[in-house]
Amino acid sequence: MRILVSGGAGFIGSHYVRCLLSGAYAGYEDAHVTVLDKLTYAGNLANLRPVDGNTRLTFVRGDITDAALLDELVPGHDVMVNFAAETHVDRSIAGAGDFVVTNVQGTQRLLQAALEHDVRTVVQVSTDEVYGSIDDGSWTEAEPLLPNSPYSAAKAGADLLCRAYHRTHGLDVRVTRCSNNYGPYQYPEKVIPLFVTNLIDGRPVPLYGDGRNVREWLHVDDHCRGIQLVLDKGSGGEIYNIGGGVELTNLELTERLLDALGAGWEMVERVPDRLGHDLRYSVDSSKIRSIGYTPLVDFDKGLDEVVRWYRDHEDWWRGLRATTS
Ligand SMILES: NC(=O)c1ccc[n+]([C@@H]2O[C@H](COP(=O)([O-])OP(=O)(O)OC[C@H]3O[C@@H](n4cnc5c(N)ncnc54)[C@H](O)[C@@H]3O)[C@@H](O)[C@H]2O)c1
């Protein structure tokens, strides 16, 4: 079994690769993993250091939009899992060009290469943000796509290409749509690591608008197990929401992080709301639960562990913080 993991040096992709290579996924203990990653600002070889030297890992630095590279690399792979994307909503508001190129065109190039080189199954890692914003209730996979940020619009474009490659060419491609992730190795521009690393340094944390936006938080390990389950037990052409985490307003999340770091509300700096800021995301995960998914990581425990991880891994994030702040 050979698996191509694009974007495998980022936050979630590297967690998936570390799990695969540590034997966490039954039936894949002998799988050979090729990581294809451009190493943008968000990609980091240090994320793969725990599996460095593993003889089942090959790392290739490259771009998923590079069709010639894909023609060389993809033959011989049985499975592709695509994590590669531009992922930060604020950056997509500042400039959407790279988001369209990587998230839309890059996904199309991967699908085309999978088709031409007989890859058995592709899993496209998407996001709940493609559905837009929902005041109450939860989205099933049948909901229309109503993305509001350039990031989520580009991810929605990729989802539609997956659908088209399945319907038109019969490609076995499965799409997962997960809620917000937290965990170790998350780039410190995203809210949890940003707040934790600021508070470790005694710096204020920026809270958008009135802080009433609601997000559903899932540990990265639960997300990756969901992706693996879709690869194992899902079906081609299908979409699977992955949620089942904990819903919190940004105010509630901030409170938890302040408590965990022993800080008070005086450390919170109110900043103008993000443009087009979605109020609430919530996915209905019954479909993936019907094939055996259950999230396992308790949020309070998971969050404490993540805070401890950032405390213990300053060497990992200090250099990254220096380039973002
Ligand atoms: N972080 C979340 O909460 C979340 C939730 C749901 C879905 N997702 C999706 O999961 C995937 C991974 O997210 P993440 O948080 O790990 O992102 P990330 O920004 O940490 O990592 C993205 C990775 O993709 C690589 N990359 C970017 N452009 C590339 C290109 N053109 N060619 C090759 N590699 C490229 C980067 O170098 C990086 O390693 C994304 O597709 C994202 O949309 C993320």
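Here is a short report on the structure shown in this document. Treat the numbers as computed from the prediction; the structure is a model and nothing was measured.

**Structural notes on the site of the ligand**
Lining the immediate environment of the ligand, one finds 28 residues, of which I12, D37, T87, Y151 and K155 sit closest. Interatomic distance of 3.4 Å between a backbone N/O atom of V125 and an oxygen atom of the ligand. One of the backbone nitrogen or oxygen atoms of N181 is found 2.8 Å away from an oxygen atom of the ligand. For the ligand, whose unbound accessible area comes to 840 Å², protein coverage reaches 96%. At the level of secondary structure, the elements contributing two or more residues to the shell around the ligand comprise α1 (11-21), β5 (121-127), α5 (150-169) and β7 (180-182). Its residues placed into classes, the shell around the ligand shows 12 nonpolar, 12 polar and four charged.

**Here's the deal with the state of the cysteines**
Across all of its chains, the model carries zero disulfides by this definition. Just so you know, C224 is unpaired, no disulfide at all, and the nearest cysteine sulfur is the one on C19, 5.7 Å from it. The exposure class of C224 is buried, given its relative accessible area of 0%.

Calculation rules
- Residues numbered from 1 in each chain as written.
- Predicted model: local features only at pLDDT ≥ 70, side-chain atom pairs only at ≥ 80, totals over all residues.
- Heavy atoms only, no water.
- Near = heavy atom within 4 Å.
- Polar contact = N/O pair within 3.5 Å; in protein donor to acceptor, adjacent residues only side chain to side chain.
- Areas by Shrake-Rupley, 256 points an atom, 1.4 Å probe, with all protein chains shown as cover.
- Helix = DSSP H or I, 4+ residues; strand = E, 2+ residues; numbered from the N terminus.
- Nonpolar A, V, L, I, M, F, W, Y, C, P; charged D, E, K, R; others polar.
- Disulfide = S-S within 2.5 Å.
- Buried < 20%, exposed > 50% of the residue type's maximum accessible area, 1.4 Å probe, protein only.

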